[in-house]
Amino acid sequence: RASEAAAEEAVAAKRSRLAAERLATFAGGAAGASGQPLPVPVLVKAESGGGLEAAVSALATLPGKKAHAQVVATGVGAVSEADVQHADACGAAVVAYNVRPTAKAAAE
């Protein structure tokens with residue numbers, strides 16, 4: 001059972017890293033006028049606390065000369081309509097790790 005949990009965490013870390021790389025590609029615009037990386041606000045949702053921790057950690061360690069992830073909110077469970085509204089209100093991207101949006105959130 002412990003080996004299954006370790007394997008799941010390894011997969012979680014890899015998926016988080018891939019999501020972070022996609023975010024970096026999305027945010028690949030120009031750096032700020034001062035040459036400092038621009039913050040890209042993100043709301044992170046995951047299937048478990050461990051997955052959430054891995055996703056946030058991967059986003060924090062993502063190297064970026066032009067942009068860096070600024071986590072504005074986190075949560076465990078499906079992406080809800082409230083999550084989408086929160087992300088929209090603060091101009092954040094939603095990073096969903098191994099979870100799906102609810103039907104209402106998908107319609108949003």
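Residues numbered from 1 in each chain as written. Predicted model: local features only at pLDDT ≥ 70, side-chain atom pairs only at ≥ 80, totals over all residues. Heavy atoms only, no water.

### Details of helix α3 (residues 81–89)
Every buried residue belonging to α3 is among Asp 83, Val 84 and Ala 87, and all of these are buried. One face of α3 carries all of its buried residues, which in axial projection span an arc of 100°. Opposite the buried face of α3, by more than 90 degrees, sit the exposed residues Asp 88 and Ala 89. On its buried face, α3 is in contact with β1 (38–46), β3 (93–97) and α4 (103–107). Looking one or two residues beyond α3, the residue adopting positive phi is Gly 91, at roughly 65°. (Buried < 20%, exposed > 50% of the residue type's maximum accessible area, 1.4 Å probe, protein only. Helix = DSSP H or I, 4+ residues; strand = E, 2+ residues; numbered from the N terminus. Arc of directions from axis to C-beta. Contact = heavy atoms within 4.5 Å.)

### Points about the pattern of salt bridges
It is possible for side chains bearing opposite charge to pair when their charged atoms get close. Applying the stated criterion across every chain yields a total of one salt bridge. A salt bridge links Lys 45 to Asp 83; the nearest nitrogen and oxygen atoms lie 2.9 Å apart. One end of the pair, Lys 45, is in strand β1; the other, Asp 83, is in helix α3, with 38 residues separating them in the sequence. Here Lys 45 matches Asp 83 in class, with each residue buried. (Salt bridge = Lys/Arg side-chain N within 4 Å of Asp/Glu carboxyl O.)

Taken by themselves, the reported measurements are silent on function.
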